[in-house]
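# Survey of secondary and tertiary structure
Listed here are the chains, written in short residue letters.
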Amino acid sequence: MRNALLLAGLSALALAGCGGKKNVTANPTPGAPPPTPGSKTFKIGYSQSTLQDPWRKAMNSELETEEKNHPNAKVLKQDAQNVASNQVNQVENLNTQGIDALMISPVESAPLTPEVTKIYKKGIPVILLDRATDNDQYTSLVGADNVLIGKMAGEYVKKAYPKGAKIIEIAGIAGATPTKERAKGFREGIGNDPKYSILASQPGNYLRGKAIEVFQTMFTAHPDVEVVYAHNDEMALGASGVLDKAGKLKDVAVIGVDGQKEAIQAVAAGKMAATFVYPRPGADGLKAALDALNGKKVEKRIVLPTTEITKANAAANLTKGF
Amino acid sequence: MASNNEQPQSAAPVRTRRPLALLQYRSLIVLLLMFVAASLLHPLFLTPGNLGQVLLQNSIVGILAVGMTFVVLTGGIDLSVGSVMLCSGVITAGLLREGHVGPVVAMFACIGIGAFLGLLNGIMIAGLRLPPFIATLAMMVGAISVGQLYSGGSPIIIGDKMPPFFQAFDAVIFAPPTTQRTDPHAFPGIPVAGLIFLAAAVIAWIVLTRMRYGRYVYALGGNEEATRLSGVNTRMVEASVYIISGMLAGVAALIYTARLQSGQALYGLNLELDAIAAAVIGGASLMGGVGNIGGTFIGVLFVGFLINVMGLRNVDPYAQGGIRALAIILGVLIQTRKKGS
């Protein structure tokens with residue numbers, strides 16, 4: 001009983017501490033450019049699903065760079081470490097701290113939907129990054145479109161091989177949404193043309209080691225392949241290595257998705273034909289949040305454009321990689 | 001494991017030659033069935049090029065399965081082999097990229113990290129008396145975490161820093177000239193990784209069948225109490241199998257790192273399950289005391305042939321898991337039928 005009381009007292013203190021901090025963070029940090037007169041300082045909660053992922057780390061650093069352009073924005077960053085229940089708690093805590101807007105990339109959609117809905121209904125703008133929740137109770141979803149990226153990859157093949165091509169696909173995790181979308185878009189891109197045939201398609205689970213195995217087997221069955229379309233760069237790099245060892249790299253065009261630094265370097269070195277950048281919504285997400293706070297109209301769906309990286313522009317885009 | 005004590009009779013018969021020979025025979029039939037079926041299912045299956053590739057592709061899981069056999073023989077299980085391999089691999093990739101140590105040192109570091117993590121498993125299981133399932137489950141999660149902390153979650157790319165000595169772990173010796181390399185009917189050369197797997201299997205076979213230590217491993221899985229009472233330091237033996245398993249995970253990491261030219265610790269390879277499946281298809285009993293390296297070798301090839309032919313035929317990925325599950329159950333059923341008779 002005594003302990004429980006003590007605990008309650010401590011938590012009250014802790015809460016008071018948080019309340020105190022609120023006033024401090026509302027002021028601009030010393031050294032930062034002063035906010036333009038008349039404009040309010042916005043406190044924006046930001047919950048990233050995980051930082052154990054180079055793409056998401058790059059997303060955070062781009063958000064931080066963008067934050068420097070907005071002295072009236074203070075972003076409170078959280079990392080849910082890929083655990084949905086962590087993220088629910090973090091979003092609740094951000095809400096208690098009194099945020100003006102919420103940016104979130106949900107770990108999973110279902111468990112986060114109620115909390116995000118609650119905040120949105122309070123009139124707080126909610127910007128979803130890369131992943132959606134299960135209803136339309138949010139201000140905007142900012143992110144790439146995997147179908148579009150797949151389609152661009154398909155169209156690239158059509159352009160590079162006007163007479164037709166024999167294709168092997170290394171898919172992502174079977175059944176996962178990005179896998180389905182990158183596969184669907186690619187098929188839209190090459191169209192219904194029988195000149196373009198997908199000889200084989202097997203999942204490489206987005207892992208380089210797994211992709212090497214499945215590609216070797218598909219390559220044995222179809223040594224006449226001309227194009228390899230991999231659902232991410234890790235797998236494309238794996239396939240490129242297999243082809244390199246077999247001395248067939250010059251006969252086969254390897255295409256990846258993501259825009260990983262190593263892949264852009266491989267494109268520059270002629271070891272991959274192309275990669276399609278899967279854009280990171282950090283900077284644009286923050287801009288959307290600030291637009292909403294400043295009363296500007298924000299589109300419900302903001303699709304970030306992808307960049308096609310081929311040998312022609314690889315050297316110039318090396319810094320875009322992650 | 002307490003369950004070992006319930007069947008004290010299994011320790012003695014295992015050491016006689018006849019049931020072992022029978023086991024070999026059974027698993028060979030299972031493998032032959034798979035081999036014939038696969039040859040009928042795809043014309044390219046039975047080509048030197050493809051079979052060489054199967055050996056290459058299964059060398060990593062094969063090396064892990066050899067280590068797993070030691071563990072399973074004692075009645076234990078090692079769920080951490082895949083994670084330990086990734087953890088040693090990612091640290092080795094870092095060592096190679098930074099170039100502070102030579103390739104030989106990096107090689108011993110890679111095997112050493114695996115053996116050290118195996119030692120931690122052994123301490124948890126034989127020293128602290130944690131159930132092997134729990135201890136190695138913790139290591140499975142922990143080793144990946146260490147790898148991710150080390151790499152900051154990004155792949156460590158070795159690239160041009162890859163020393164030729166290290167690259168040899170993924171090389172093919174006596175390889176044909178480049179022009180013939182994609183011809184499946186030509187001699188494909190001998191993959192070094194496959195040789196390492198074969199060497200590991202042969203050494204393990206000698207240790208288990210020709211050395212006193214091997215008898216202790218079988219005896220421990222057959223009846224721990226009786227083994228202890230006959231003066232064997234059972235705790236040492238129990239800990240040692242996890243060190244062997246971890247060390248072999250380190251050896252597998254050499255090949256994995258050379259193949260990927262990089263290191264990254266990510267979940268999703270599920271190599272521990274493949275290794276356990278291979279040992280069990282090969283006739284090993286998860287209760288301990290029963291099993292042998294020859295069977296494990298056959299189990300590795302059995303699953304390897306199946307995965308290969310499904311890939312060659314471009315079987316729907318959604319169906320592949322189910323087919324694999326059925327094949328594993330069938331394989332084990334054919335193995336274990338004799339126990340009823």
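Notes on the structure follow. All values derive from a computational prediction rather than experimental measurement.

## Description of the overall build of chain A
Helix and strand content of chain A: 11 helices and 12 strands. A burial count over chain A gives 47% of its 322 residues as buried. Restricting the contact set of chain A to residue pairs at least 6 apart, pairs at least 24 apart contribute 73%.

## Some words on the overall build of chain B
Along the backbone of chain B there are 14 helices and 4 strands. For 341 residues, the compact-globule estimate of 2.2 N^0.38 gives 20 Å, and the C-alpha radius of gyration of chain B, at 20 Å, lies within 12% of that figure. Viewed in the frame of its principal axes, chain B has a C-alpha envelope of about 60 × 50 × 35 Å. The buried share among the 341 residues of chain B stands at 55%.

## Side note on the interface of chain A and chain B
Contact residues are listed per partner, giving 28 residues for chain A and 26 residues for chain B. At the level of secondary structure, the elements contributing two or more residues to the side of chain A that touches chain B comprise helix H2 (54-68), strand S7 (196-203), helix H7 (208-221) and helix H8 (233-246) of chain A. Counting residues per element, the side of chain A that touches chain B draws most heavily on H7 of chain A, at 11 residues. Counted by class, the side of chain A that touches chain B contains 12 nonpolar, 9 polar and 7 charged residues.

## A word on the sheet that holds strand S10 (residues 274-277) of chain A
All names here are of chain A. Reading across from one edge, S7-S6-S8-S9-S10-S12 is the order of the 6 strands in this open sheet, with mixed pairing throughout. With one partner strand each, in any of the chains shown, S7 and strand S12 (308-310) form the two edges of the open sheet. Strand-to-strand twist across the sheet, computed as the mean angle between neighbouring axes with direction ignored, equals 20 degrees. Bridge count between strand S6 (residues 165-171) and S7: 7 bridges; the pairing is parallel. Counterpart to Ala-171 in the pairing with S7 is Pro-203.

## Points about the packing of H7 of chain A against helix H3 (residues 48-73) of chain B
Close contact between H7 of chain A and H3 of chain B brings their axes to 11 Å; oriented N to C, the two are set at 175 degrees. It follows from the interaxial angle that H7 of chain A and H3 of chain B lie roughly antiparallel. In this structure, H7 of chain A uses Glu-213, Gln-216 and Thr-220 of chain A to contact H3 of chain B, whose residues at the interface are Gly-49, Asn-50, Gln-53 and Gln-57 of chain B.

## Description of the nonpolar core
The biggest cluster of nonpolar side chains holds 162 residues, and the ones touching the most others in it are Val-228, Ala-239 and Ile-255 of chain A together with Leu-64, Cys-87 and Ala-252 of chain B. With 17 residues, the top contributor of residues to this core is helix H11 (residues 234-260) of chain B. Setting aside residues up to four positions removed in sequence, Ala-252 of chain B forms contacts with Ile-60, Ile-63, Leu-64 and Met-85 of chain B. If you look at the next biggest cluster of nonpolar residues, it comprises 31 residues, including Phe-42, Ile-44, Val-91 and Leu-94 of chain A.

## A closer look at the sheet that holds strand S5 (residues 140-143) of chain A
Residue and element names in this part refer to chain A. Read from one edge to the other, the open sheet built from 6 strands follows the order S2-S1-S3-S4-S5-S11, with strand pairing classed as parallel. Bordering the open sheet on either side are strand S2 (73-79) and strand S11 (301-303), each of which pairs with just one other strand. Across this sheet, the average inter-strand angle for adjacent strands is 20 degrees, counted without regard to direction. As paired elements, strand S3 (residues 101-104) and strand S4 (residues 126-129) share 3 bridges and run parallel to each other. By the bridge assignment, Leu-102 is partnered in S4 with Val-126. The strands touched by helix H3 (residues 84-97) are strand S1 (42-48), S2 and S3; relative to S1, the strand with the most contacts, the crossing angle is about 175 degrees.

## Side note on the pairing of strand S8 (residues 227-230) of chain A
All names here are of chain A. Residues Val-227 and Tyr-229 point to one face of S8 and Val-228 and Ala-230 to the other, with burial holding for every one of them. Across 4 bridges, S6 lies against S8 in parallel orientation. Bridged to Glu-169 within S8 is Tyr-229. Taken together, the 3 bridges between S8 and strand S9 (residues 253-258) define a ladder with parallel strand orientation. For Val-227, the partnering residue across the bridge sits in S9 and is Ala-253. Each parallel crossover has a hand, and the one from S8 via H8 to S9 is right-handed.

## Let's talk about unusual backbone geometry
In this model, Asn-205 of chain A sits at a positive phi of 55 degrees, which is unusual for a non-glycine residue. Mapped onto the secondary structure, Asn-205 of chain A falls in the loop between S7 and H7. Looking at Asn-205 of chain A, the number of C-beta atoms within 10 Å reads 25, which means it is buried. Although it is not a glycine, Asn-314 of chain B adopts a positive phi angle of roughly 55 degrees. Within the element layout of this structure, Asn-314 of chain B appears in the loop between helix H13 (293-312) and helix H14 (317-336).

## Description of the environment of Ser-39 of chain B
All names here are of chain B. Following the sequence through the fold, Ser-39 ends up in helix H2 (residues 17-41). In this structure Ser-39 comes out as partly exposed when scored by C-beta crowding, with 15 C-beta atoms within 10 Å. Separated by 266 residues in the primary sequence, Ser-39 and Phe-305 have C-alpha atoms spaced 9.6 Å apart. Apart from residues no more than four positions distant in its own chain, Ser-39 is found in contact with Phe-45 and Leu-46.

## Let's talk about helix H6 (residues 132-151) of chain B
One turn of the α-helix equals 3.6 residues, which is why residues spaced by three or four share an orientation. All names here are of chain B. When the terminal C-alpha atoms of H6 are compared, their 28 Å separation across 20 residues agrees well with the 28 Å that a helix rising 1.5 Å per residue should span. Those residues of H6 not exposed but buried are Pro-132, Ala-135, Thr-136, Met-139, Met-140, Ala-143, Ile-144, Val-146, Gly-147, Gln-148 and Ser-151. Against helix H4 (81-98), helix H5 (103-127), strand S1 (156-157), strand S4 (262-263) and helix H12 (271-281) lie the buried residues of H6. Looking one or two residues past H6, Gly-152 carries a phi angle of roughly 65 degrees, positive in sign.

## Thoughts on H14 of chain B
All names here are of chain B. Look at H14: 29 Å from first C-alpha to last across 20 residues, which is about the 28 Å you get at 1.5 Å a residue. For H14, every residue scored as buried is listed here: Ala-327, Gly-331 and Gln-335. Each buried residue of H14 sits inside an arc of 70 degrees when the element is viewed along its axis, so together they form one side. When the buried face of H14 is taken as reference, the exposed residues oriented beyond 90 degrees from it are Tyr-318, Ala-319, Gly-321, Gly-322, Ala-325, Leu-326, Ile-329 and Leu-333.

Definitions and limits used
- Starting afresh in each chain, residues are numbered from 1 along the sequence in its written order.
- The naming scheme follows written order: chains are lettered A onward, ligands numbered 1 onward.
- Given that the model is predicted, a residue must reach a pLDDT of at least 70 before its local features are reported, and side-chain atom pairs must reach 80 or more before they are shown or counted; all residues, however, enter totals for whole chains, interfaces and linings.
- Per the convention used, a helix needs a DSSP run of H or I reaching at least four residues, while a strand needs a run of E reaching at least two, with both numbered from the N terminus.
- Around each residue's C-beta, the other C-beta atoms within 10 Å are counted; 20 or more make the residue buried, 12 or fewer make it exposed, and counts in between make it partly exposed. All C-beta atoms are placed from the backbone.
- Each residue is represented by a C-beta atom placed from its backbone, and any two residues with such atoms within 7 Å are regarded as in contact.
- Our radius of gyration looks at C-alpha atoms and nothing else; its globule reference is 2.2 Å times the residue count to the power 0.38.
- Three residue categories are used. Nonpolar comprises Ala, Val, Leu, Ile, Met, Phe, Trp, Tyr, Cys and Pro, charged comprises Asp, Glu, Lys and Arg, and polar comprises the others, including Gly.
- For two strands to count as paired, DSSP must find a minimum of two bridges between them.
- To get an axis, fit a line to the C-alpha atoms, keeping to the stretch in contact for a helix; angles then go from 0 to 180 degrees between the N-to-C directions.
- These descriptions rest on fixed angle ranges, namely under 35 degrees for roughly parallel, over 145 for roughly antiparallel, 65 to 115 for roughly perpendicular, and the rest for oblique.
- In this usage, the nonpolar core is the set of buried Ala, Val, Leu, Ile, Met, Phe, Trp, Tyr and Cys residues whose C-beta atoms join them within 7 Å.
- Crossovers are marked right-handed if the path from the first strand over the helix to the second runs clockwise, as seen with the strands pointing away from the viewer.
- Multiplying 1.5 Å by the helix residue count minus one yields the expected span of that helix.
- The arc in question is traced by the directions running from the helix axis to the C-beta atoms.

Everything listed here is a matter of geometry and, on its own, says nothing about what the molecule does.
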